[in-house]
Structure formats: structure tokens, C-alpha cells
Amino acid sequence: LNAYPLALLKRLGVWRGRIVLSFHGSDVREIDAASPAWRFIARQTDAVTACSAALAGRVEALGLFDPERIQVVYNGIDCAHFQATPGDSGVASGAPFILNIGTYVPGKAQNVLLEAFAQIAGRFPDLQLVFAGGTNNGKWLASQRQLAAERGVGGRVRFLENISQRQVADLMRQATCLAHASLDEAFGLVVIEAGASALPVIATRVGGIPEIIASPEHGVLVDAGDAAAMAAALAAVVGEPVEARRRADRLQERVGKYFSVDAMARGYLDVCVES
């Protein structure tokens, strides 16, 4: 509702600017479409952007905004940041590992990835699993440590907490693959970060992720919550490194073209000029 004062000034004719609202995920869930304040803001809004077509659909479903004014502008990253020389990520180099990046909360479904890893651990005795993310309140993280121990893989799983963006980039440049098990994603920023790093990606078919992994040529998609499918995908990527590398190279090219900072800036500029 921070846009309300601007909307009011615009309605009164005191301010002659344009209002462009940009949505990125949780902000959509917080909107009360029946709120008079939001209905007022919507009437004064010139354009709306969403970071994926999937999220744009959710914005349209609110019934507040003219569908013709809702446009998709994908999030972008500094691709070069993820292509630099690896540094000290806190994980010993040389040991192959599957990487998962995400806050330790149930929605990121680290438990599904743990179950999948336990299913293939015997086939790949040198393989490790590395989680990295914000701890939130710590409860879900504690439960995942316990689950790893219960599944007999506690010694091969590492949980990194609240690491820097530089360390995330270093991990991506050293990992065998990224496995993203999230139950829902408005976009999937970590997937384009992995793509920029030329890291093979396995991700769930949710939200905006299929817009990034547009075909099997770019990565592997599995259904959310399906540990067996995740295990099969992990085994295929780890067991077929040449093909995994080919997909990673194609994804890197796609990310550079559609999900760079430059592409994002052009998208916002077009919206602002046209609105």
C-alpha cells in the first residue's frame, strides 16, 4: 500500500507522473483484492509488470488491473559475476557435490531432495549433498539435519547457513549440479544463477521455472514433491556428465540472452516508455 499516496496525488492532479507496479512473488499474496485502497491504486496504475508469465497470471486473477496493462519483465542478473574464477566457498574442492540453494523453510522442500539423495547415495559413494541458505527460525533446518541422520547420509550432507552471495557463486562454479526442489516459485532466481554458471540444473516444474528451463535441452524438470523422480534425475545427471554439460552450456546461452541485467533493464524501460 506504499503506492497509495502517489495514487492519491495523481488523482488530485498534484503529481503528473505515471505509476508502474512491479510484482515478484509474495507481494501478490499479500494483496486484498476487495480492499478499497487497492482498488483505488489499481485505477491510478498505468502499467503492471510481473517477473514471470506464471506470476502475471496470478496478478491478472486478482481482477484489479486491466489485463492489457500487465506485462512480463523477467528478473535479470550480472552473468559475469557467476563466471569468474572460483574462490573459497567453504567446501573442499575436488569432492563432487549436488548443490541446493534456498532458505530453510518447508516450501523449499529440502526434505524431498534429501530423500532423493538417500536413494542414490549407494550408487555414487563419493558424491555429497550441500545445502546453503538462510536459517529463518532454525526449526526446518534442525528437522533436515535429523532427517539426513535418519536416512544414513548425515556424514555426506553439509548444511551451510547465511553465506554471502560471493560464496554462492563460488559453490555454483564448483558443484556437479544444482537441484532445486521448491514446491512453488514465482520466478526461480537461483535457476538463472546456476545457468549463468554453466551448472547443470534439475528443478521442479512450478511457477516461472519452466519459463527458464524451456525444454529438455536446457535442464531437467520433475514434479514437485516427487522424491523418486528427483532421484532418477540426479542419477542421470551425475551418471551422464557429457550430456549434462551440453544442457548446461545451452542454458548458459539462454540466460545470457533473456535473463541478464541488460535484458531486464530494457524490459523495464520499454514498459515505462509505453505506459
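Above: the structure in question.
Predicted model, so just to flag it, every value in this text is computed and none were measured. Numbering of residues starts from 1 in each chain and follows the order in which that chain's sequence is written. Given that the model is predicted, a residue must reach a pLDDT of at least 70 before its local features are reported, and side-chain atom pairs must reach 80 or more before they are shown or counted; all residues, however, enter totals for whole chains, interfaces and linings. Excluding hydrogens and water, the side-chain figures rest on all heavy atoms present in the structure.

Caption draft 1: Geometry of the sheet that holds strand β6 (residues 157-161). Reading across from one edge, β6-β5-β4-β7-β8-β9 is the order of the 6 strands in this open sheet, with parallel pairing throughout. Strands at the two margins of the open sheet, each flanked by one partner only, are β6 and β9 (220-222). Taking each pair of neighbouring strands and ignoring which way they run, the sheet shows an average axis angle of 20°. We call two strands paired when DSSP finds no fewer than two bridges between them. Secondary structure elements follow DSSP: runs of H or I of four or more residues count as helices, runs of E of two or more count as strands, with numbering from the N terminus. With 3 bridges joining them, strand β7 (residues 177-180) and strand β8 (residues 201-204) adopt parallel strand pairing. Bridge assignment links Ala 179 to a residue of β8, and that residue is Ile 202. Axis definition: a line fit to C-alpha positions, over the contact stretch in the case of helices; interaxial angles, taken between N-to-C directions, run 0 to 180 degrees.

Caption draft 2: Examining the pattern of salt bridges more closely. In the sections that follow, a salt bridge refers to a side-chain nitrogen of Lys or Arg positioned within 4 Å of a carboxyl oxygen of Asp or Glu. This model, assessed by the stated rule, comprises 11 salt bridges. For Asp 46, the salt bridge identified is with Lys 10, shortest N-O distance 2.5 Å. Here Asp 46 is found in the loop between α3 (36-44) and β2 (47-50), whereas its partner Lys 10 is found in helix α1 (residues 4-12), with 36 residues between them in sequence. Linked through salt bridges whose partners overlap, the residues forming this network are Glu 243, Arg 246, Arg 247 and Arg 250.

Caption draft 3: Quick peek at helix α11 (residues 241-258). Residue count minus one, scaled by 1.5 Å, sets the expected span of a helix. Compared with the 26 Å implied by 1.5 Å per residue over 18 residues, the 25 Å span of α11 between its first and last C-alpha is a close match. Taken together, the buried positions of α11 are Ala 244, Arg 247, Ala 248, Leu 251, Arg 254 and Val 255. Projected down its long axis, α11 shows its buried positions confined to an angular sector of 125°, all on one face. In α11, those exposed residues whose orientation departs by more than 90 degrees from the buried face are Val 242, Glu 253 and Lys 257. On its buried face, α11 is in contact with α8 (189-196), β8, α9 (209-212), β9 and α10 (227-239). Residue exposure (1.4 Å probe, protein chains only): buried if accessible area is under 20% of the type maximum, exposed if over 50%, otherwise partly exposed. This arc corresponds to the set of directions leading from the helix axis out to the C-beta atoms. Throughout, a residue-residue contact means that at least one pair of heavy atoms, one from each residue, lies within 4.5 Å.

Caption draft 4: Structural context of the packing of α1 against α3. At their nearest, the axes of α1 and α3 sit 9 Å apart, and the two run at 55° to each other. One finds that α1 runs oblique with respect to α3. α1 and α3 meet at a crossing whose hand is left-handed. In this structure, α1 contributes Tyr 4, Ala 7, Leu 8, Lys 10 and Arg 11 to the contact, and α3 contributes Ala 37, Phe 40, Ile 41 and Gln 44. Should an angle fall under 35 degrees it is taken as roughly parallel, and over 145 as roughly antiparallel, whereas 65 to 115 is taken as roughly perpendicular and any remaining angle as oblique. Crossing handedness is read from the near helix: turned anticlockwise from the far helix by less than a right angle, it gives a left-handed crossing, and turned clockwise, a right-handed one.

Caption draft 5: Inspection of the side chain of Thr 49 at higher detail. Considering the arrangement of structural elements, one finds Thr 49 in strand β2. A relative accessible area of 0% places Thr 49 in the buried class. A 3.5 Å cut-off defines polar contacts: any pair of N or O atoms within that distance qualifies, except that in protein one atom must be a possible hydrogen donor and the other a possible acceptor, and neighbouring residues in sequence count only when both atoms are side-chain atoms. Polar contacts involving the side chain of Thr 49 include one to the side chain of Ser 22, which spans 3.0 Å. Look past the residues within four positions of Thr 49 in its chain and what remains in contact with it is Val 20, Leu 21, Ser 22, Phe 23, Gln 71, Val 73, Tyr 268 and Val 271.

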